[in-house]
Amino acid sequence: MDELALASYLEGSKDRILASLVEWLKIPSVSADPDHATDVRASAEMCAGFLREAGFPAVELLETGGHPAVYAEWLGAGESAPTVLVYGHTDVQPGDPIEEWDSPPFEPRISGDVLSGRGASDDKGQVLMQIEAARGLLSDRGELPVNLKVLFEGEEEVGSPHFEALLEAGLERFAADVVVVSDATMEAPDIPTTAVGMRGLVAFDVVVRTAPADLHSGIWGGTVPNAALVAARMASALHDERRRVAVPGFYDDVRELSPEEAASLNAIPFDEAEFRRTAGVAYLEGEEDRTPRERTSTRPTAELVGIHSGYGGPGMKTIVPATANFKVAMRLVPDQEPDKVAEAFRRWAQDQAPEGVEVTLTKFGGVAPMVTPADSPALRCLSRAVQKVWGKEPLLERIGGSGPEEALGRVLGVPVISFGIALPGDRFHAPNETLSLAQLWRGLLAAGELLIELGSLKAPQ
Ligand SMILES: [Zn+2]
């Protein structure tokens, strides 16, 4: 096997990199807590310092309506070279519940191969990995194989409320040929995976009204429509007996996986008993003839997330409820369009309601699903880079949720690839968050190889 580009740089730099990461983890940059706003800023500033030391000539904090983001660029590769934008975040989840940590969340510890502390894997370790890969190439070669931009936000853990506006305001500055997301996991140390898609989301609140006011159950009960029952009937009609979503047209635009995508997805091990245990449920259900992994990643769902009506307080109240509401969150997959699905849902809800029952619908969200095609040149580059370090190509997986990746792809109009080295057992967002140092070092080597591979792509004319 060829020598990896950053092998000797890494050998000479591990202690320094670890020391930097430990210092960074000591900053409690909890974006959810206003009391930690200065810490979130200090975390961004420390990150900016790492970037300056790495050799980025232009580094700055970008102000948003909330916590600042860090931006840096190195554009010395020239116009014929592609431009890569690396995304990550400098904020962390709260340390609570503190008493469940073996050592305090913001007093990082190294024991053997494991670094523990809040933010170790999500996402400071993975951000520093990218900075150090660039630093290594710059120090070994004096230049990078691509024009490199990095954007590390400070509000990822609170849902990126200002991120899209930040992107919109800096379209020219952030322009790139590919985005590399460095806030991700892989299945296991010997099973590299990469997320190639995320589901979209559109949700509704449905209010039904059967009468101007609740009615006495002794006088009216048994004759007048009951809003609680109407809502319950509508909600239970949301799925058919095969547990498929019964909204007409819901599946019309769902693209089946290509054989390559399906083979890769099904090669990722899945332990159903463990999955059940983690959720704490007795059994699994859902769309017939689809595996749990498909149902949580490549198939759309319509989840009843709440249903409320009538009297739920202490004792009893003898009424026929006049209003009820239920909420439905639909996860979408390529090529479903949020607006089209929303329209189908509206029609379905109106059709379900009995004549004369007033139905009021309020829509929430409207995030499109995204997927990077398996034959995308940038994804091929990632596969080769991972192959060089792990000895095997990454399997392609889809994420069931949604995240800032979607906005990056949509607003910047470029392919998004995801390279992450956190492991499912790293307990991000939970007590005792960890980072495997073996993963960090391999990830750093692969991040360098990825930039080299991407550098072999031509900038689009
Ligand atoms: Zn994260």
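Note that the coordinates shown come from a computational prediction; the quantities given were computed from them, not determined experimentally.

Enquirer: Is there a simple way to explain the overall build of the chain in this structure?
Expert: When helices and strands are tallied, the chain shows 12 helices and 18 strands. Taken along its principal axes, the extent of the C-alpha atoms in the chain is 85 × 50 × 45 Å. Out of the 461 residues belonging to the chain, those deemed buried represent 46%. Partitioning the intrachain contacts of the chain with sequence separation of at least 6 by distance along the chain shows that 79% fall at a separation of at least 24.

Enquirer: Is there a simple way to explain the domain arrangement of the chain in this structure?
Expert: How big an interface is tends to be stated in terms of the accessible area lost upon association of its parts. Taken as a whole, the chain is organised into domain 1 (7-198 + 369-455) and domain 2 (200-254 + 300-366). A C-alpha centroid distance of 41 Å is found between domain 1 and domain 2. Listed as interface residues are five residues of domain 1 and, on the opposing side, seven residues of domain 2.

Enquirer: Looking at this structure, I do not really get the nonpolar core. What am I missing?
Expert: A general feature of soluble globular proteins is that nonpolar side chains tend to end up buried together. Counting 90 residues, the largest nonpolar core has Val84, Val179, Leu450 and Leu451 as the members making the most contacts within it. Among the elements that make up this core, the one with the highest residue count is helix α12 (residues 437-455) (10 residues). Setting aside residues no more than four positions away along its own chain, Leu450 makes contact with Val180, Cys381, Leu382, Ala385 and Phe419. In terms of nonpolar packing, the next biggest core, distinct from the first, is built from 29 residues, Ala231, Phe250, Ala302 and Phe345 among them.

Enquirer: I tried to follow the sheet that holds strand β18 (residues 434-436) on my own but got confused; where do I start?
Expert: Strand-to-strand pairing in sheets goes through backbone hydrogen bonds, with the strands running parallel or antiparallel. Ordered in space as β4-β5-β18, the three strands form an open sheet in which the pairing is antiparallel. Each edge of the sheet is formed by a strand with only one pairing partner; in this case those strands are β4 (109-111) and β18. Sheet twist, expressed as the average angle between the axes of neighbouring strands with direction ignored, equals 20 degrees. With three bridges joining them, strand β5 (residues 114-116) and β18 adopt antiparallel strand pairing. Bridged to Leu115 within β18 is Leu435. Across the face of the sheet, helix α3 (residues 120-141) comes into contact with β5 and β18 while running at roughly 45 degrees to β18. Across the face of the sheet, α12 comes into contact with β5 and β18 while running at roughly 55 degrees to β18.

Enquirer: Can you walk me through the pairing of strand β8 (residues 193-198) in this structure?
Expert: Two faces make up the sheet, and in a regular strand the side chains alternate between them. Of all six residues making up β8, six are buried, and the element is well covered by its neighbours. For β8 and strand β16 (residues 395-399), the ladder comprises five bridges, and the chain directions are parallel. Bridging from a neighbouring strand, Thr194 pairs with Leu396 of β16. Bridge count between β8 and strand β15 (residues 370-371): two bridges; the pairing is antiparallel. When the sheet's bridge partners are listed, Met198 is paired in β15 with Met370.

Enquirer: How should the packing of helix α10 (residues 377-390) against α12 be read in this particular structure?
Expert: Any two packed helices are characterised by the angle at which their axes cross and by the distance between the axes. At a minimum axis distance of 8 Å, the contact between α10 and α12 shows a crossing angle of 140 degrees. On the basis of the axis angle, α10 is oblique to α12. Of the two elements, α10 crosses α12, and the hand of that crossing is right-handed. Of the residues in α12, those touching α10 at Ala378, Cys381, Leu382, Arg384, Ala385, Val386, Lys388, Val389 and Trp390 are Arg442, Leu445, Ala446, Glu449, Leu450, Glu453 and Leu454.

Enquirer: Explain the sheet that holds strand β14 (residues 358-367) here, please?
Expert: Strand order across the open sheet formed by four strands is β11-β13-β9-β14, with antiparallel pairing between neighbours. Strands with a single pairing partner mark the edges of an open sheet, and in this sheet they are β11 (301-309) and β14. On average, each strand axis in the sheet is inclined to that of its neighbour by 15 degrees, with strand direction left out of account. With nine bridges connecting them, strand β9 (residues 200-209) and β14 associate as antiparallel partners. Bridging across to β14, Val202 finds its partner in Gly365. Sitting on the sheet, helix α5 (residues 227-236) touches β9, β11 and β13 (323-332), and the angle it makes with β13 is about 15 degrees.

Enquirer: Is there a simple way to think about α12 in this case?
Expert: The α-helix winds at 3.6 residues per turn, so residues separated by three or four positions along the chain end up facing the same way. Relative to the 27 Å expected for 19 residues at 1.5 Å per residue, α12 spans 27 Å between its end C-alpha atoms, a close match to the ideal helical length. Of all 19 residues in α12, 16 are buried; the element is thus mostly enclosed.

What counts and how
- Residues numbered from 1 in each chain as written.
- Predicted model: local features only at pLDDT ≥ 70, side-chain atom pairs only at ≥ 80, totals over all residues.
- Helix = DSSP H or I, 4+ residues; strand = E, 2+ residues; numbered from the N terminus.
- Buried ≥ 20, exposed ≤ 12 C-beta atoms within 10 Å, placed from the backbone.
- Contact = placed C-beta atoms within 7 Å.
- Domains from an automatic or database assignment.
- Core = buried A, V, L, I, M, F, W, Y, C linked by C-beta atoms within 7 Å.
- Pairing = 2+ DSSP bridges.
- Axes fitted to C-alpha atoms, helices over the stretch in contact; angles between N-to-C directions.
- Parallel < 35°, antiparallel > 145°, perpendicular 65-115°, else oblique.
- Left-handed = near helix turned anticlockwise from the far one by under 90°.
- Expected span 1.5 Å × (residues − 1).

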